[in-house]
Amino acid sequence: MVPQSSDNALDAPHIRDAHEADLPRIVELLAQLSLDAPREWPDEPLPASYLAAFEEIVADRRQRLLVVEAQGRIVGSAALIIVPNLSRQGRPYAIIENIVIDTDARGVGHGEALVRYAIEEARKAGCYKLSLTSNKRRPDAHRFYERLGFQATHEGYRVEF
């Protein structure tokens, strides 16, 4: 069961779809993912490209930008994508990307709640799998995902543009 907020549990994490007003905080969190040179610019005002991307995500019924709130503050985010598929008798699959929990809020269950929520949403959508990628230089993240039931079953490749 994924913890959700209630009147009696202000400290419990609450997971919801992101709103436009959340965008600056989400970009700030995404900046924490950079292993090398900065790849996000959480300056105020945000570059217009972030708002344009957010609007495209919200308009696409197959994509969700999730946030986890704790004590009234956004402490994490992830993107969940449901992909139509011809194999597996036409069952879709899901991808979770850009999973981030604020460095000051790690280790207390927010990431687990967020990922378990995404797993459940993928199941509800009829997906046969939920995939993610993780940088090879993140062994702590790999242990975290394995603890949640993910298996390193494939070697990943990509081309950067």
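Refer to the structure above for everything that follows.
These remarks concern the structure in this document. Quick caveat: nothing in here was measured; it's all calculated off a predicted structure.

Thresholds applied
Residues numbered from 1 in each chain as written. Predicted model: local features only at pLDDT ≥ 70, side-chain atom pairs only at ≥ 80, totals over all residues. Heavy atoms only, no water. Pairing = 2+ DSSP bridges. Helix = DSSP H or I, 4+ residues; strand = E, 2+ residues; numbered from the N terminus. Buried < 20%, exposed > 50% of the residue type's maximum accessible area, 1.4 Å probe, protein only. Contact = heavy atoms within 4.5 Å.

### So, the sheet that holds strand 1 (residues 14-17)
Read across the sheet, five strands follow the order 1-2-3-4-5 without closing on themselves; strand pairing throughout is mixed. Edge positions in the sheet fall to strand 1 and strand 5 (130-131), since each has one partner strand and no second. As judged from the eight bridges shared by strand 2 (residues 63-70) and strand 3 (residues 73-83), these two strands associate in the antiparallel manner. Paired with Val68 across the two strands is Gly76, which belongs to strand 3.

### Topic: the environment of Asp43
For Asp43, the position within the fold is in the loop between helix 1 (23-30) and helix 2 (48-59). With 95 residues separating them in the primary sequence, Asp43 and Arg138 have C-alpha atoms 26 Å apart.

### Quick look at helix 1
Among the eight residues that make up helix 1, six are buried, leaving the element largely enclosed by the rest of the structure. Among the residues making up helix 1, those that are buried are Leu23, Arg25, Ile26, Val27, Leu29 and Leu30. In this fold, the buried residues of helix 1 make contact with helix 2, strand 2, strand 3 and strand 4 (93-101).

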